[in-house]
Amino acid sequence: MTPLRILMVTAEYTPLAKTGGLADMVAGLSTELANSGHDVRILIPRYRGVEAAGEPLSSLQLPPFATAISPVALNATHPPYELIRRSTGSGPEIWQLDAPGFFAGSTIYGGGDTEALRFALLSHAALKLWAALCVLAVLFFSVVNGDYMITADASLEGTVQRAVTVSLQGYIMDARARAGDIVRSGDVLATLDDRDLRLERLKLVSQGTQQESERRQA
């Protein structure tokens, strides 16, 4: 199977933030996909009130493109936010949406009128992250030289092709050579079904015998 590039956007991820089975499901599925050779990234909000369950802040790395202004208004303002990448040794790559104005509380699901705004911002950040990763991939492949493997359906054909034809009408009884086989001069490629020819020969012999008998009687 061709490796895929997968971005999983979630509200929970074990061990960073968990309230139920969603966190375990996303963690297990993303890890299994990454171990199968796929390029997997996780985007989750940074819940500052519950971040102690995850890695320490020293593991957070900020890419240069990650700072932005929220397009979603909160209390008539547009707070800034950052996309932060956590350093990981193996498995899926973890990204966090750090927006204190939206995710500063000690709960994952706050409810109320701001809940839709919080996850609207998460959706916007997912699109921004996807676009940034695509741009980085294009820049990488435009400057890096190397060998690339491309899979496609293909067929091999010989430069010289010959067709074997006969001047008789009939059916093949036995084909001793197949396409791609190596044959030599004198090899029998196929045997024709000669039953019709033998019947025709008997008919001609009978007609000849009859004509010879008539000639003698004359």
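Residues numbered from 1 in each chain as written. Predicted model: local features only at pLDDT ≥ 70, side-chain atom pairs only at ≥ 80, totals over all residues. Heavy atoms only, no water.

## As for the pairing of strand S7 (residues 171–175)
Worth spelling out the cut-off: Residue burial is assigned from relative accessible area. The probe radius is 1.4 Å, only protein chains are included, and a residue is buried under 20% of its type maximum, exposed over 50%, and partly exposed in between. By the criteria applied, helices consist of DSSP H or I runs no shorter than four residues and strands consist of E runs no shorter than two, each listed in order from the N terminus. Think of it this way: DSSP has to see at least two bridges between two strands before they count as a pair.
The buried count for S7 comes to zero of five residues, which makes it a mostly uncovered element. For S7 and strand S8 (residues 190–193), the ladder comprises four bridges, and the chain directions are antiparallel. The residue of S8 that forms the bridge with Tyr171 is Asp193.

## Regarding a nonpolar patch on the surface
Selection rule: Patch membership is restricted to residues that have no salt bridge and whose relative accessible area is over 30%. Joining uses 9 Å for like charges and 5 Å for the nonpolar side chains Val, Leu, Ile, Met, Phe, Trp and Tyr. Here the open area of atoms and residues is found with the Shrake-Rupley method and a 1.4 Å probe, where only the protein chains shown may cover a residue. Any carboxyl oxygen of Asp or Glu within 4 Å of a side-chain nitrogen of Lys or Arg constitutes a salt bridge here.
Among the surface-exposed residues, Leu22, Met25, Leu29 and Tyr109 lie close enough to one another that they form a single nonpolar patch of about 350 Å² accessible area. Along the polypeptide, Leu29 turns up in helix H1 (residues 21–35). On the basis of relative accessible area, Leu29 is assigned to the partly exposed category, the value being 40%.

## A closer look at unusual backbone geometry
Here Thr14 and Pro15 are connected by a cis peptide whose omega angle stands at 10°. With respect to the helices and strands, the residue Pro15 is situated in the loop between strand S1 (5–9) and H1.

## Structural notes on the packing of aromatic side chains
Stated precisely, the cut-off is as follows: We call Phe, Tyr and Trp rings a pair once their centres come within 6.5 Å, taking the six-membered ring for Trp, and we label the pair stacked below 30 degrees between planes, edge-to-face above 60, and tilted otherwise.
Scanning the entire structure with this criterion turns up three aromatic pairs. Ring centres of Tyr47 and Phe103 lie 5.7 Å apart, and the angle between their planes is 80°; on these two criteria the pair is classed as edge-to-face. With Tyr47 in the loop between strand S2 (39–45) and strand S3 (60–61) and Phe103 in helix H2 (residues 100–103), the pair connects residues that are 56 residues apart, well separated along the chain. One exposure class covers both Tyr47 and Phe103, and it is buried. Three or more aromatic residues joined by ring pairs form one cluster here, namely Tyr47, Phe103, Tyr109 and Phe119.

## A look at the nonpolar core
Heads up, the condition is: By nonpolar core we mean a set of buried residues, namely Ala, Val, Leu, Ile, Met, Phe, Trp, Tyr and Cys, connected to one another through side-chain atoms within 4.5 Å.
Grouped together as the largest cluster of nonpolar side chains are 29 residues, with contacts concentrated most on Tyr13, Leu43, Leu83 and Leu97. Secondary-structure elements contributing two or more residues to this core are H1, S2, strand S5 (80–86), strand S6 (93–98), H2 and helix H3 (114–143). It is H3 that contributes the most residues to this core, six residues altogether.

## Focus: the side chain of His38
The condition that has to hold: Between two residues, a contact is recorded if the distance between any of their heavy atoms is within 4.5 Å.
Position of His38 relative to the elements: it lies in the loop between H1 and S2. Ignoring sequence-local partners within four residues, the contact set of His38 consists of Met1, Thr2, Pro3, Leu4, Ile6 and Leu33.

## Describing the pairing of S1
In the sheet, S1 pairs with S2 via five bridges, with the strands oriented parallel. Bridging from a neighbouring strand, Leu7 pairs with Arg41 of S2.

## Some remarks on the environment of Leu156
Along the chain, Leu156 falls in the loop between H3 and S7. Exposure remark for Leu156: the relative accessible area of 88% places this residue in the exposed category. Through-space distance from the C-alpha of Leu156 to that of Gly180 is 9.9 Å; in sequence the pair is 24 residues apart.

## Concerning the side chain of Asp193
Turning to its location among the elements, Asp193 is positioned in strand S8. Of the residues examined, Asp193 reaches a relative accessible area of 17% and is grouped as buried. Setting aside anything within four residues of it in sequence, one finds Asp193 in contact with Tyr171, Ile172 and Met173.

## A word on the pattern of salt bridges
For the structure on display, the rule yields nine salt bridges. Where Lys18 meets Asp24, a salt bridge forms, and the shortest distance between an N and an O atom there is 2.8 Å. Classification of Asp24 as partly exposed rests on a relative accessible area of 35%. Among the ionic pairs, Arg215 bridges to Glu212, the shortest N-O distance being 2.4 Å. On the criterion of helical spacing, the pair formed by Arg215 and Glu212 is a turn pair, its members being three residues apart in helix H4 (residues 195–217). Given the relative accessible area of 30%, Glu212 is considered partly exposed. Among the charged side chains, a salt-bridge network with shared partners connects Arg5, Asp39, Arg41 and Glu93.

Coordinates in, geometry out; function isn't part of it.
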